[in-house]
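Chain and residue survey
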Amino acid sequence: MKTFIVTLFFCTTIIFSFSQTKTNLEDINTTWKKFYKAFETLDYTLMAEIHSQDLVRVSGGKRIVDYDTYINNYKAGFEHDKTGGQTSTISLRFFERINNDSTASERGIYKLVRNKGTNNEEAYYGQFHVLLKKSNGVWKITMDYDSSEGGAIGEEQYQKACAIDDFEKFLN
C-alpha cells in the first residue's frame, strides 16, 4: 500500500509539473492584448515592451533580424501608416499552445486587416510560431516566425484555428 501511495504521488507530481494552466494562457494573452493594441494604435513602444531584447525574428521565412532592427522597422512602419492615414488591426487564432511556468510555444494563424471598413480594406494572412519566456512575472516574445506559406494561408485556415480565449483545447 505504501508503494502504491508513493507511486501515485510521484505520477501526480510529474503530471502537474508539466501540465499547462489556464492562468498561464490568460497571462500570455496579456502579452497578445498589447500586441493587438500596438497595431490598433500604431504604437511601436508596445511592440518594444512585449519583445525580449534577445529576440530572434524570422520574417516571411526569408530573413532573420534582431530586436533593434525589428522594433525600428515597426517604428518606421507605424509612423508611415499614421502619416498616410492607414489603419491596422491584427488577430490571432491558434492550433497549438504549449507552455509551462517559464516557457511557451504558440502556433497559429494571424489575420492583419488594413483600412478596415473602407473601400481600401485588405486582409493578409500568415502562419506564425512564437516562443515566449516568462521573466519577472511577464511573458515576452523571444522568437517570432511567420510565413504566408506561399500564399496558401487564408480565411479558411484562420477560421479552423481556435480563438485566442478558447483555452479548453490546450489544457492538459
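What you are looking at is a predicted structure, and each value in this text was computed from that prediction instead of being measured. Once a new chain begins, its residue numbering starts again from 1 and follows that chain's sequence as written. Local features are withheld for residues below a pLDDT of 70 in this predicted model, meaning they are given only at 70 or higher, and side-chain atom pairs are given and counted only at 80 or more; totals for whole chains, interfaces and linings count all residues. Only hydrogens and water are set aside when side-chain values are computed; all heavy atoms of the structure are taken into account.

Turning our eyes to something else, we now look at unusual backbone geometry. Negative phi characterises most residues that are not glycine, and trans characterises most peptide bonds. Phi angles above zero are rare outside glycine, and Asn-115 is one such case at about 55 degrees. The buried label goes to any residue with under 20% of its type's maximum accessible area, the exposed label to any with over 50%, and the partly exposed label to all in between, with areas taken from a 1.4 Å probe on protein chains only. The class for Asn-115 is buried, based on a relative accessible area of 10%. The phi angle at Glu-149 is positive, at roughly 55 degrees, despite the residue not being glycine. Numbered from the N terminus, helices here are DSSP runs of H or I no shorter than four residues, and strands are runs of E no shorter than two. For Glu-149, the location among the structural elements is in the loop between β6 (138–147) and α5 (155–160).

The next point concerns the packing of aromatic side chains. Only the six-membered ring of Trp is used, alongside the rings of Phe and Tyr, when aromatic pairs are assigned; centres must lie within 6.5 Å, and planes under 30 degrees apart are stacked while those over 60 apart are edge-to-face, with the rest tilted. If you walk through the whole model with that rule in mind, you get ten aromatic pairs. Ring plane angle 90 degrees and centroid distance 5.6 Å describe the contact between Phe-94 and Phe-128, whose orientation is recorded as edge-to-face. Taken together, the residues span a long stretch of sequence, with Phe-94 in strand β3 (residues 88–99) and Phe-128 in strand β5 (residues 122–135) at a distance of 34 residues. The same class applies to Phe-94 and to Phe-128, which are both buried. Members of the aromatic cluster, joined through ring pairs, are Trp-32, Phe-35, Phe-39, Tyr-70, Tyr-74, Phe-78, Phe-94 and Phe-128. The rule is short: NZ of Lys or CZ of Arg within 6 Å of the ring centre and within 35 degrees of the ring normal puts a charge over the ring. Over the ring of Tyr-158 we find Arg-93, and its NZ or CZ is 5.6 Å from the ring centre. When the ring centre of Phe-94 is taken as reference, the NZ or CZ atom of Arg-97 above it lies at 4.1 Å.

Once that is clear, we can look at the nonpolar core. By nonpolar core we mean a set of buried residues, namely Ala, Val, Leu, Ile, Met, Phe, Trp, Tyr and Cys, connected to one another through side-chain atoms within 4.5 Å. Ranked by internal contacts, the top residues of the largest apolar core, which has 34 residues, are Trp-32, Phe-35, Phe-39, Met-47 and Leu-92. Going through the elements one at a time, α2 (22–41), α3 (44–50), α4 (67–84), β3, β4 (103–114), β5 and β6 are the ones with two or more residues in this core. Contacts are assigned to residue pairs that have any heavy atoms within 4.5 Å of one another. Residue contacts for Trp-32: discarding those within four places in its chain leaves Leu-92, Phe-94, Arg-97, Glu-106, Val-130, Ile-141 and Ile-164.

On to the pairing of β5, then. DSSP calls a pair of strands paired once it identifies at least 2 bridges connecting them. Pairing analysis gives twelve bridges linking β4 to β5, with the strands arranged antiparallel. Counted as the bridge partner of Ile-109 is Gln-127 from β5. The pairing of β5 with β6 spans nine bridges and is antiparallel. Bridged to Ser-135 within β6 is Val-138. Here β5 folds back onto β6 in antiparallel fashion, the turn holding two residues, of which Asn-136 has a positive phi close to 55 degrees.

The end-to-end C-alpha distance of α2 is 28 Å, a good match for the 28 Å that 20 residues give at a rise of 1.5 Å each. Within α2, burial applies to Asn-24, Leu-25, Ile-28, Asn-29, Thr-31, Trp-32, Phe-35, Tyr-36, Ala-38 and Phe-39. Against α3, α4, β3, β4, β5 and β6 lie the buried residues of α2. Positive phi appears at Leu-42, one or two residues downstream of α2, with a value of about 55 degrees. By definition here, a helix of n residues has an expected span of 1.5 Å times n minus one.

Before going further, it helps to spend a moment on the side chain of Lys-111. Positionally, Lys-111 belongs in strand β4. Within the local environment of Lys-111, its side chain forms a polar contact with the side chain of Glu-155, the two groups lying 3.0 Å apart. With sequence-adjacent residues up to four places away left out, Lys-111 is seen in contact with Thr-89, Ile-90, Ser-91, Ala-123, Tyr-124, Tyr-125, Glu-155 and Tyr-158. N or O atoms closer than or at 3.5 Å make up a polar contact, with two conditions inside protein: a donor-capable atom paired with an acceptor-capable one, and, for residues adjacent in sequence, both atoms drawn from side chains.

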